[in-house]
Amino acid sequence: MKKSLALSLALLGFSATASAAQVVGFSQIGSESGWRAAETTITRKQAEQRGIDLKFSDAQQRQENQIAALRSFIAQGVDAILLAPVVATGWDNVLKEAKESEIPVILLDRQIDAPKDLYMTAVGADSVHEGEVAGQWLVDKVAGKPCNVVELQGTTGSSVAIERKQGFEKAIADHTNLKIVRSQTGDFTRSGGKEVMESFIRAENGGRDICALFSHNDDMAIGAIQAMKEAGLHPGKEILTISIDAVPDYFKAMANGDANATVELTPNMAGPAFDALEAYWKDGTQPPKFIQTDSKLYTQSDDPEGEYQRRKDLGY
Ligand code: AHR
């Protein structure tokens, strides 16, 4: 139901949600990681629980597919759009079209480089902070010892890859014992993480010159752990591994001693997004421009086996 009609009904004392299901278009990036799969599952569940009609579109990692999906949602006259933007730039035109059609857009889990009036709010973590939490963990863990770090970056051009890198570099900047010796994208996938880690190992004396891995997500770290094992190395011991997401398989690796720490990113971005939309549909309430989720650090002391059990059936 369109915003103007919903507001008129609200003024007349009618509940908009009681009269017709709200239709929300969701442009998802793809299914590159366990975290992404969980976000999709939770978004579908949240929509179902709230009686929202969710139109789902999988962009298969391509921005042009996302722009086409948004244009299709606009043509269908949806009541709102959720957008998980694969990269940060190139959204202005399509978002202007949504704005002209009075369709609110909410960003999920990644940010964009566009004027803030082109979207209603963004739900996600402070990705610079995530990188800082990871970097600070490593600073504390190595306690001044020399440590060569390899970095697996997320999708090139995504806000999270740019910001996690910035945050990590900021955290280690004053610690000359820590040095990033190799950094390359693994595109947030297990296979990408494995392949790039294999090349890092080859380039760094069979891995013997690597002290730590900073991975922008758990799936790449899991692929990298496999590469280390196949090279006869001992991840979690010879090569410290710090990552981001907190997916069940990574907790399993932590429980087995193959990984050391992860920074949690909740896959429930849809809950806060739908809360914001429902308040807006009810009486026009505008949410803040950024709804920040927590970034909790988990280490091997935080019951990784228990965390695995708690998360394994949540859609990852
Ligand atoms: O934007 C969030 C990131 O995207 C997650 O950390 C990663 O797993 C996903 O692909």
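Structure: above.
Residues numbered from 1 in each chain as written. Predicted model: local features only at pLDDT ≥ 70, side-chain atom pairs only at ≥ 80, totals over all residues. Heavy atoms only, no water.

Novice: For this particular structure, what's the right way to read the state of the cysteines?
Specialist: By definition, a disulfide links the sulfur atoms of two cysteines through a covalent bond. Under the definition given, this model contains one disulfide. The side chain of cysteine 147 participates in a disulfide bridge whose partner is cysteine 211; the two sulfur atoms lie 2.0 Å from each other. The sign of the -90 degrees torsion about the S-S bond sets the cysteine 147-cysteine 211 disulfide as left-handed. Of this pair, cysteine 147 sits in strand S6 (residues 147–153) while cysteine 211 sits in the loop between helix H8 (190–203) and strand S8 (212–215); the two residues are 64 residues apart in sequence, bridging distant segments of the chain. The same class applies to cysteine 147 and to cysteine 211, which are both buried. (Disulfide = S-S within 2.5 Å. Helix = DSSP H or I, 4+ residues; strand = E, 2+ residues; numbered from the N terminus. Buried < 20%, exposed > 50% of the residue type's maximum accessible area, 1.4 Å probe, protein only.)

Novice: Mind showing me how you'd approach the packing of aromatic side chains here?
Specialist: Here the distance between the centres and the angle between the planes together describe a pair of aromatic rings. Applying the stated criterion across every chain yields a total of three aromatic pairs. Measuring from centroid to centroid gives 4.1 Å for phenylalanine 168 and phenylalanine 214, while their planes differ by 5 degrees, and the two rings are stacked. Here the residue phenylalanine 168 occupies a position in helix H7 (residues 159–172), and phenylalanine 214 occupies one in strand S8, the gap between them amounting to 46 residues. Note on accessibility: phenylalanine 168 and phenylalanine 214 belong to one class, buried. The aromatic ring of tyrosine 298 is capped on one face by arginine 311, whose charged end is 5.2 Å from the ring centroid. (Phe/Tyr/Trp six-rings, centres within 6.5 Å; stacked < 30°, edge-to-face > 60°. Lys NZ or Arg CZ within 6 Å of the ring centre and 35° of its normal.)

Novice: So what exactly am I meant to see when it comes to the site of the ligand here?
Specialist: The immediate surroundings of the ligand are formed by Glu32, Ser33, Trp35, Arg36, Asp109, Arg110, Val160, Arg164, Phe188, Asn217, Asp245 and Leu265. One of the side-chain nitrogen or oxygen atoms of serine 33 is found 3.0 Å away from an oxygen atom of the ligand. Aspartate 109 places a side-chain nitrogen or oxygen 2.6 Å from an oxygen atom of the ligand. Calculation on the ligand without its partners gives an accessible area of 290 Å², and the protein chains cover 100% of this total. Among the elements of the structure, helix H3 (34–50) and H7 are those that each provide at least two residues to the shell around the ligand. Looking at the shell around the ligand, its residues break down into four nonpolar, two polar and six charged. (Near = heavy atom within 4 Å. Polar contact = N/O pair within 3.5 Å; in protein donor to acceptor, adjacent residues only side chain to side chain. Areas by Shrake-Rupley, 256 points an atom, 1.4 Å probe, with all protein chains shown as cover. Nonpolar A, V, L, I, M, F, W, Y, C, P; charged D, E, K, R; others polar.)

Novice: Even after reading the chapter, I still don't get the sheet that holds strand S4 (residues 105–108), so can you show me in this structure?
Specialist: Pairing between the strands of a sheet comes from backbone hydrogen bonds, and it takes one of two forms, parallel or antiparallel. In spatial order, the strands read S2-S1-S3-S4-S5-S11; together these six strands make up an open sheet with parallel pairing. Among the strands making up the open sheet, the edge pair consists of strand S2 (53–58) and strand S11 (290–292). If you compare each strand with its neighbour and ignore which way they point, the axes differ by 20 degrees on average. Here strand S3 (residues 80–83) runs beside S4; their pairing, made up of three bridges, is parallel. Within S4, the residue paired with leucine 82 across the bridge is isoleucine 106. (Pairing = 2+ DSSP bridges. Axes fitted to C-alpha atoms, helices over the stretch in contact; angles between N-to-C directions.)

Novice: Sorry, what's going on with the packing of H8 against helix H9 (residues 218–230) here?
Specialist: Relative placement of two packed helices is described by the angle separating their axes and the distance separating the axes. Packing of H8 against H9 brings their axes to within 7 Å, and their N-to-C directions diverge by 45 degrees. Relative to H9, the element H8 is oriented oblique. Two packed elements cross with a definite hand, and for H8 against H9 that hand is right-handed. Contacts from Arg190, Gly193, Lys194, Met197, Glu198 and Ile201 of H8 reach H9 at Asp219, Met220, Ile222, Gly223, Ala224, Gln226, Ala227, Met228 and Glu230. Of the residues in the contact of H8 with H9, the class split is seven nonpolar, three polar and five charged. (Parallel < 35°, antiparallel > 145°, perpendicular 65-115°, else oblique. Left-handed = near helix turned anticlockwise from the far one by under 90°. Contact = heavy atoms within 4.5 Å.)

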